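Breakdown of the fold
Each chain is listed here by its residues.
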Amino acid sequence: MKKRQFLKSTLLGLGSLPLISNTHYNNYLKVIRPSPFQKGDLVGLISPSAATSERIQFDFAKESLEALGLQVRLGENLKNRRGHLAGTDEERANDFNGMFADPDIKAVICIRGGSGAARILDRIDYKAVQKNPKPLLGYSDITALHCAIYSQTGLITFHGPNGTGSWNSFNVGQFERMFFDQELMHFENEQVKGDDLIVKQNRIQVLRPGRAKGRILGGNLTVLTSISGTPYYPDFKDAILFIEDISEDPYKIDRMMSTLKLNGTLGKIKGFIFGQCTDCTPGGGYGSLTLDDILDDYILPLNIPAYKGAMIGHVAKQFIVPNGSEVEMDAASGTFKLTEHIFKS
């Protein structure tokens, strides 16, 4: 009798707890807005992924951030190397955790992507991230950090230029409008006609017209699918999914899109934005599906607003996308815009 009463009370107690899925805390976490920063503030430069091969790249990154009006502190292990990695997993995680825990550091910039960020996801101090919410900027392999931080804390982070990336006038403008002006950004491709009869560069291809609202989540397709099934994979329920990639044969893109279908991601989203897939043309052999074929196969049946060609990815000029922020997209015009202020007031 006592055993039955114990089991009954235990089960009733469990019933009062929130049901958290195997991998997602997103539905039970409040979105955290990062603290703003301004010119003159101190930012941290870290390398959570691959090593930087040329010493001058450290100078380029530091000088670029200083030219933006910022003070820069280099991560203690920034210049380390272990194989292709920028130091051991412990060293790279320590730099990340140290920058987030330090109240003097107002933002954290990743010097480059490459490969290796996923190796430190279980070493990140997510409680420290929650207590010290600040902007994190980077792209490519940094997708692993964007996904993990959002899934574990709800913090909005920023998918955009790395420290050693191109700091052309477009990217500088994005940076200043996003961070210094805290503008409610409207993202629309820059199109320059050039010496051609029609505009060809940065053209949008509408897969299915329509408008959708949701939290924009995603990043590099290869990295995103590589963490599928882990606790660090975001919940894409009612989200706007954005993806990009580089140097992947279409059959590999097909395989990864299949993963997004089979793991339930595509069935959850309200909108889809494909950025740039640089150097993703079909190779040899008996032939290949094209990228257009693949997107038609996986996206059109969803019957949601979708477009291809956004300035997101491994391109010189790229949007700074606040991962986890609320946006509204218009697939017919190939645009999306922020619908809420991102930073803490």
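As recorded in an unreviewed UniProt entry, the chain goes by Muramoyltetrapeptide carboxypeptidase and comes from Aquiflexum balticum DSM 16537.

**Description of the environment of Glu 176**
Within the secondary structure, Glu 176 sits in helix H6 (residues 169-180). Glu 176 gets classed as partly exposed once you look at its relative accessible area, which sits at 27%. Sequence separation of Glu 176 and Leu 68 is 108 residues, and the distance between their C-alpha atoms is 8.2 Å. Each residue touching Glu 176, except ones within four places of it in the same chain, is listed here: Lys 39 and Asp 181.

**Considerations on the domain arrangement of the chain**
Considered domain by domain, the chain is made up of domain 1 (42-180) and domain 2 (186-338). Summed over the three residues of domain 1 that lose the most area to domain 2, namely Tyr 150, His 159 and Phe 170, the buried surface amounts to 26% of that side. Where domain 1 touches domain 2, the interface holds zero salt bridges. Our count for the contact surface shared by domain 1 and domain 2 stands at ten residue pairs in polar contact (both at pLDDT 80 or more). Contributions of two or more residues to the side of domain 1 that touches domain 2 are made by helix H5 (143-153), strand S5 (157-159) and H6. Element by element, the count of residues in the side of domain 1 that touches domain 2 is highest for H5, at eight residues.

**Considering the packing of aromatic side chains**
Across all of its chains, the model carries 17 aromatic pairs by this definition. Centre to centre, the rings of Phe 170 and Phe 319 are 6.3 Å apart; their planes meet at 40 degrees, and the pair counts as tilted. Linking Phe 170 in helix H6 with Phe 319 in the loop between strand S11 (306-308) and strand S12 (321-323), this pair joins segments that are 149 residues apart in sequence. Here Phe 170 matches Phe 319 in class, with each residue buried. Their ring planes at 65 degrees and their centres at 6.1 Å tell us that Phe 179 and Phe 343 sit as a pair that is edge-to-face. Linking Phe 179 in helix H6 with Phe 343 in the segment after strand S14 (335-338), this pair joins segments that are 164 residues apart in sequence. Note on Phe 179: relative accessible area 1%, which makes it buried. For Phe 343, a relative accessible area of 8% gives the class buried. Here the aromatic cluster, defined as three or more aromatic residues joined through ring pairs, consists of Phe 37, Phe 158, Trp 167, Phe 175, Phe 179, Phe 180 and Phe 343. In this structure, Lys 79 packs its charged tip against the face of Phe 58, placed 5.4 Å from the ring centre.

What counts, and where the lines are drawn
Residues numbered from 1 in each chain as written. Predicted model: local features only at pLDDT ≥ 70, side-chain atom pairs only at ≥ 80, totals over all residues. Heavy atoms only, no water. Helix = DSSP H or I, 4+ residues; strand = E, 2+ residues; numbered from the N terminus. Buried < 20%, exposed > 50% of the residue type's maximum accessible area, 1.4 Å probe, protein only. Contact = heavy atoms within 4.5 Å. Domains from an automatic or database assignment. Buried area = accessible area lost by both parts, 1.4 Å probe. Salt bridge = Lys/Arg side-chain N within 4 Å of Asp/Glu carboxyl O. Polar contact = N/O pair within 3.5 Å; in protein donor to acceptor, adjacent residues only side chain to side chain. Phe/Tyr/Trp six-rings, centres within 6.5 Å; stacked < 30°, edge-to-face > 60°. Lys NZ or Arg CZ within 6 Å of the ring centre and 35° of its normal.

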